[in-house]
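# Observations on the model geometry
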Amino acid sequence: KQSTAMLADVVVNDHWYTEYTPSTVEGIPSESIGNTLMTRQLSRDDTRHRLELIGPAKFSQDGKSVKYVVKVSNETAQFFSSRGLPDGSMGIFLGCHAVGKNGEVMDFKGPKSAIPFILSPNESMYLAIEIELKKLPSRAAFIDIEMFQEGANWWGNPLRVPLDHC
């Protein structure tokens, strides 16, 4: 019963990083996972990853937003976490840019998706990006979905998704 309450607190109240520490994880000391946070800018080699669009875009019931599901694969020996420094920098996220028909990146503060807990080396997880259609620039023709490190850089090699279905 206590375990159920603790798990509910982690999931419902978003206490991923403060409440849950696994007792054992094969080959990895549990204290290193429970306290994983990004404290420095990663090198180019430490940002190797692969993005794969899973299925077609999914529209909300009211038609006001569109969601893309992306499989993110970590192809490095580095753990990825959205938890960074106290000022919010250095965390790793999946984000997006609006792109015009001629390839120009447009002024658009797109949503970002956090990695829940960690993404281990050579592992994959599924993250979703949900975009409110009214916030997209009217001239946007594509969305580039890409990994980035907050306060550091976008990692490159984005998934370019056409917006002709919106």
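For the structure, see preceding data.
Notes on the structure in this doc start here. The shown structure was predicted, so the numbers you read here are calculated from the model rather than taken from an experiment.

### So, the pairing of strand E1 (residues 49-59)
The two faces of a sheet get side chains in turn, since along a regular strand they alternate between them. When E1 meets strand E2 (residues 65-74), the two strands line up antiparallel, connected through eight bridges. Note on E2: the bridge partner recorded for Lys58 is Lys67. Turn length for the E1-E2 hairpin, with the two strands adjacent in sequence and antiparallel, is five residues, and the turn residue Gly63 shows positive phi of about 75 degrees.

### Quick notes on the nonpolar core
The biggest cluster of nonpolar side chains holds 30 residues, and the ones touching the most others in it are Leu94, Ile131, Ile143 and Ile145. Where this core is concerned, the elements lending two or more residues are E2, strand E3 (92-100), strand E5 (124-132), strand E6 (140-149) and strand E8 (159-162).

### A closer look at unusual backbone geometry
At Phe117, a residue that is not glycine, the phi angle is positive and equals roughly 75 degrees. Note that Phe117 resides in the loop between strand E4 (112-114) and E5. Of note in this structure, Asn157 is not a glycine but carries a positive phi near 60 degrees. Residue position: Asn157 is located in the loop between strand E7 (153-154) and E8. Of the residues examined, Asn157 reaches a relative accessible area of 65% and is grouped as exposed.

### A few points about the environment of Pro137
If you trace the backbone, Pro137 turns up in the loop between E5 and E6. Measuring from C-alpha to C-alpha, the distance between Pro137 and Val99 comes to 9.0 Å, with 38 residues separating the pair along the chain. If sequence neighbours within four positions are ignored, Pro137 has contacts with Ala98, Met106, Asp107 and Phe108.

About the thresholds
Residues numbered from 1 in each chain as written. Predicted model: local features only at pLDDT ≥ 70, side-chain atom pairs only at ≥ 80, totals over all residues. Heavy atoms only, no water. Pairing = 2+ DSSP bridges. Helix = DSSP H or I, 4+ residues; strand = E, 2+ residues; numbered from the N terminus. Core = buried A, V, L, I, M, F, W, Y, C linked by side-chain atoms within 4.5 Å. Buried < 20%, exposed > 50% of the residue type's maximum accessible area, 1.4 Å probe, protein only. Contact = heavy atoms within 4.5 Å.

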